[in-house]
Amino acid sequence: MKTEIVFIDENNIDQDIIDRAGDIIKRGGLVAFPTETVYGLGGDALNRESSRKIYAAKGRPSDNPLIVHIADMEALDRIVSDIPASALKLADYFWPGPLTMIFFKSDAVPYDTTGGLDTVAVRMPVDSVARAFIRASGGYVAAPSANISGRPSPTSARFVEEDMDGRIDMIIKGDDSRIGLESTIVDITSEKPMILRPGYITKEMLEEVVGEVTIDPTILDAACTERPKAPGMRYRHYAPKGDLTVVKGPEDEVVEYINLACASMESSGKKVGVIATGENVSNYSCANIKCVGSRTDEEEIAHRLYSILREFDDEDMEVIYSEAFDEGGLGGAIMNRLLKAAGHQVIDLRQEEEE
Ligand code: AMP
Ligand code: MG
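Another aspect to go through is the overall build of the protein chain. When its secondary structure is counted, the protein chain shows 12 helices and 16 strands. In terms of overall dimensions, the protein chain is globule-like: its C-alpha atoms have a radius of gyration of 20 Å, near the 20 Å expected for 355 residues. On the principal axes, the C-alpha backbone points of the protein chain span a range of 55 × 45 × 35 Å. When burial is assessed residue by residue, the protein chain has 58% of its 355 residues classed as buried. Here the protein chain displays about 14,800 Å² of accessible surface, and carbon together with sulfur accounts for 46% of that area.

In structure tokens:
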């Protein structure tokens, strides 16, 4: 398939291009587009064939449901069977923005879009290109991240092109994703809202609006044998091609550990990369060091993380070490993605000391 590649400047949106993209969706085609979280791979959420095409283009298991993107609050009624009061409050505070809510679905949404579930995930992005595109597409765009299943989500148009060129009808290239991590997912179908995937909107932020919020226990505990409530959280995700290990502990010991590990790997001929914080970047003695941002700037770390994983892929890095990050607030979402990317391969220097 020939993929048409177009550029859109968010400060001067070319409506002709947006309309063309919208027509592709209305005719059942696929278009990748920018959002503030990560780039999305869009199809008509109400057309079962489109959803099937999305799964095929990504190589994604079809029991992993898609998020339906809307641009206006009025669009919600048609796709959900009930709007709880908590959802209205959360929408009021966090939409448009990086929050996805799980509702009971209406008959308008095909099971192909929801992976066979009676619930549907809905988000209203804030990105102006995304909103114009959703409106031009008829108002309901099902969109997972625009990567081949399993790879790090694309936060830059060039990564979308890498994965999707030749697989979909059009790629809309815009700016790099401002946030760089996928949306927070909250299930509001039960009495207490429950976080199914941590993201930019933290538990504390949600609780300020709706009171107590719980977290799916499978997110917090890697060894947990329960099934995660967001089916997608079951799958290996965000993984770079290289073998990634996260090293936790006092920072000077982490640096020392990584330096020794790198030296040993490099001497056996491996290409080794390090994901370093700004505070420590000058203390590493290995060849390939990438700075993910300062420990005091979690937004920068979130913004840079996937892009660094992808850059290491492009450089054929075989082994990667990363510092661990504090888990409060946005750090919780960062560590959730990093640990998944590492397949939960962690060296905890504190534990080793205690043993
Ligand atoms: P992605 O599209 O790659 O951001 O992934 C979407 C995430 O939303 C996956 O982890 C899905 O499992 C989750 N999700 C989508 N719809 C539902 C739903 N109805 N119930 C629970 N999780 C959902
Ligand atoms: Mg994804």
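With that settled, consider the packing of aromatic side chains. Under the criterion given, the structure shown has 2 aromatic pairs. Judged by centre distance (6.2 Å) and plane angle (45°), the rings of tyrosine 93 and phenylalanine 94 are tilted. Since its relative accessible area comes to 59%, tyrosine 93 is described here as exposed. In this structure, lysine 105 is placed above the aromatic ring of tyrosine 111, and the distance from its NZ or CZ to the ring centre is 4.1 Å.

Moving on, we come to the side chain of lysine 248. Mapped onto the elements of the fold, lysine 248 is located in strand E12 (residues 243-248). Apart from residues lying up to four places away in sequence, lysine 248 is in contact with Val254, Ala324, Glu327, Met335, Val346, Ile347, Asp348, Leu349 and Arg350.

Before going further, it helps to examine the environment of glycine 40. Within the secondary structure, glycine 40 is located in strand E3 (residues 40-44). Taking the C-alpha atoms as reference points, glycine 40 and asparagine 147, separated by 107 residues in sequence, lie 8.4 Å from one another.

Counting residues in hydrophobic clusters, the biggest one holds 43 residues, and the most contacted among them are Trp95 and Phe103. Ranked by residue count, the leading element in this core is helix H4 (residues 85-94), at 4 residues. Non-local contacts of tryptophan 95, meaning those with residues more than four positions away in its chain, are made with Ile70, Met73, Leu76, Leu90, Met101, Phe103, Val122, Arg123 and Met124. Core analysis: the second largest hydrophobic core is formed by 26 residues, Ile275, Ala302, Phe325 and Ile334 among them.

Here we take up the pattern of salt bridges. Throughout the structure, instances matching the rule amount to 23 salt bridges. A salt bridge links arginine 158 to glutamate 311; the shortest N-O distance between them is 3.8 Å. Within this pair, whereas arginine 158 is found in helix H6 (residues 157-164), its partner glutamate 311 is found in helix H10 (residues 298-314), the two being separated by 153 residues in sequence. In this structure, arginine 310 and aspartate 163 form a salt bridge, with 2.9 Å as the shortest nitrogen-oxygen distance. In this pair, arginine 310 is assigned in helix H10 and aspartate 163 in helix H6, connecting sequence segments 147 residues apart. As far as burial versus exposure is concerned, arginine 310 and aspartate 163 are alike and both buried. Several salt bridges converge on common partners, so that one network encompasses Arg151, Glu162, Asp163, Arg310 and Asp313.

With that settled, consider the site of ligand 1. Every one of the 20 residues lining ligand 1 counts as a neighbour, but Thr119, Pro144, Ile185, Arg197 and Gly232 are closest to it. Side-chain polar atom of asparagine 64 to an oxygen atom of ligand 1: 3.3 Å apart, as the coordinates give it. A total of 500 Å² of accessible area belongs to ligand 1 in isolation, and the protein chains cover 96% of it. When atom positions are compared with the pocket grids, ligand 1 is found to occupy the second largest pocket. Where the shell around ligand 1 is concerned, the elements lending two or more residues are strand E6 (119-123) and strand E10 (194-197). Grouping the constituent residues of the shell around ligand 1 by class yields 13 nonpolar, 4 polar and 3 charged.

Now for a negative patch on the surface. Where like charges cluster on the molecular surface, the negative patch consists of Asp9, Glu10, Asp175 and Asp176. Residue placement: aspartate 175 occurs in the loop between strand E8 (170-173) and strand E9 (184-187). Given the relative accessible area of 47%, aspartate 175 is considered partly exposed.

Reading the values: the criteria
Residues numbered from 1 in each chain as written. Chains lettered and ligands numbered in written order. Predicted model: local features only at pLDDT ≥ 70, side-chain atom pairs only at ≥ 80, totals over all residues. Heavy atoms only, no water. Helix = DSSP H or I, 4+ residues; strand = E, 2+ residues; numbered from the N terminus. Rg over C-alpha atoms; globule rule 2.2 N^0.38 Å. Buried < 20%, exposed > 50% of the residue type's maximum accessible area, 1.4 Å probe, protein only. Areas by Shrake-Rupley, 256 points an atom, 1.4 Å probe, with all protein chains shown as cover. Phe/Tyr/Trp six-rings, centres within 6.5 Å; stacked < 30°, edge-to-face > 60°. Lys NZ or Arg CZ within 6 Å of the ring centre and 35° of its normal. Contact = heavy atoms within 4.5 Å. Core = buried A, V, L, I, M, F, W, Y, C linked by side-chain atoms within 4.5 Å. Salt bridge = Lys/Arg side-chain N within 4 Å of Asp/Glu carboxyl O. Near = heavy atom within 4 Å. Polar contact = N/O pair within 3.5 Å; in protein donor to acceptor, adjacent residues only side chain to side chain. 1 Å grid on protein atoms, 1.4 Å probe; cavity = no way out; pocket = protein on both sides within 12 Å on 5 of 7 lines; lining within 4 Å. Sits in = over half its atoms within 2 Å of the grid points. Nonpolar A, V, L, I, M, F, W, Y, C, P; charged D, E, K, R; others polar. Patch = residues over 30% accessible without salt bridge, like charges linked within 9 Å, V, L, I, M, F, W, Y side chains within 5 Å. Lys, Arg positive; Asp, Glu negative; His and termini not counted. Charge placed at Lys NZ, Arg CZ, Asp CG, Glu CD.

Nothing here speaks to function; it is all geometry.
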